[in-house]
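Report on the structure
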Amino acid sequence: QVQLVESGGGLVQAGDSLRLSCAASGRTFASYCMGWFRQAPGKEREFVATITGSGESTYYEDSVKGRFTISRDNAKNTVYLQMNSLKPEDTAVYYCAASRAKISSTSSWYDYWGQGTQVTVSS
């Protein structure tokens, strides 16, 4: 069992930056691929970014490439999402998730989910 707790969300203006953190419980954090997803009001949850257990490989949704960076610190059982040049369309609840399977942008591959953290970007 893995428990995930996100933090770092908030209200910012367009062009600002935020760093989200996701702290995981358990001693096998490095064995999990970690992902970030988001869900805007009235929309389905969508993939944002993912990273392998070792941190060597990452994958991003096209609209965040070059603006968002996913990283992890396995010694701290934490995954991060650095978000730069934020846009109003980035407004959503952001969720981190853990997968025992291969790196994936598909939510059904993820076994554990956090409760989410709200990010609101004003224009």
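Quantities reported herein were computed from a predicted structural model and do not represent experimental measurements.

**Concerning the packing of aromatic side chains**
Within this structure, the stated rule accounts for six aromatic pairs. Between Phe37 and Trp113, the aromatic rings sit 5.0 Å apart at their centres with planes inclined by 55 degrees, giving tilted as the arrangement. Of this pair, Phe37 sits in strand 4 (residues 33-39) while Trp113 sits in strand 10 (residues 112-113), and the two are 76 residues apart along the sequence. A relative accessible area of 26% means that Trp113 is categorised as partly exposed. A network of ring pairs unites the aromatic residues Phe37, Phe47, Tyr59, Tyr110 and Trp113 as a single cluster. Above the plane of the ring of Phe29 lies Arg72, whose end atom (NZ or CZ) is 4.4 Å from the centre.

**Structural notes on the pairing of strand 5 (residues 46-51)**
A large share of strand 5 lies buried, amounting to five of its six residues. Where strand 4 lies against strand 5, five bridges are found, and the strand directions are antiparallel. Bridge pairing in strand 5 places Gly35 opposite Thr50. The loop that links strand 4 with its antiparallel partner strand 5 comprises six residues; one of these, Gly42, has a positive phi angle of about 75 degrees.

**Considering the state of the cysteines**
A disulfide bridge is the covalent bond that connects two cysteines by way of their sulfur atoms. The final tally for this structure, using the stated rule, is one disulfide. The partner cysteine of Cys22 in its disulfide is Cys96, sulfur to sulfur 1.9 Å. Taking the torsion about the S-S bond as the criterion, the Cys22 to Cys96 disulfide, at about 40 degrees, is right-handed. Taken together, the residues span a long stretch of sequence, with Cys22 in strand 3 (residues 18-24) and Cys96 in strand 9 (residues 92-99) at a distance of 74 residues. Residue Cys22 is classed as buried on the basis of its relative accessible area, which comes to 0%. We classify Cys96 as buried; its relative accessible area is 0%.

**Comments concerning the side chain of Arg72**
Structurally, the position occupied by Arg72 is in strand 7 (residues 68-73). At 8.3 Å, Asp73 is the nearest oppositely charged side chain to Arg72, a buried residue that forms no salt bridge. Side-chain polar atoms of Arg72 contact the backbone oxygen of Phe29, separated by 2.9 Å. Within the local environment of Arg72, its side chain forms a polar contact with the side chain of Asn74, the two groups lying 2.7 Å apart. Once you skip the residues sitting within four places of it in the chain, Arg72 turns out to touch Phe29, Ala30, Tyr32, Cys33, Met34, Ile51, Thr52, Gly53, Gly55, Thr78, Val79 and Tyr80.

Calculation criteria
- Residues numbered from 1 in each chain as written.
- Predicted model: local features only at pLDDT ≥ 70, side-chain atom pairs only at ≥ 80, totals over all residues.
- Heavy atoms only, no water.
- Phe/Tyr/Trp six-rings, centres within 6.5 Å; stacked < 30°, edge-to-face > 60°.
- Helix = DSSP H or I, 4+ residues; strand = E, 2+ residues; numbered from the N terminus.
- Buried < 20%, exposed > 50% of the residue type's maximum accessible area, 1.4 Å probe, protein only.
- Lys NZ or Arg CZ within 6 Å of the ring centre and 35° of its normal.
- Pairing = 2+ DSSP bridges.
- Disulfide = S-S within 2.5 Å.
- Lys, Arg positive; Asp, Glu negative; His and termini not counted.
- Salt bridge = Lys/Arg side-chain N within 4 Å of Asp/Glu carboxyl O.
- Polar contact = N/O pair within 3.5 Å; in protein donor to acceptor, adjacent residues only side chain to side chain.
- Contact = heavy atoms within 4.5 Å.

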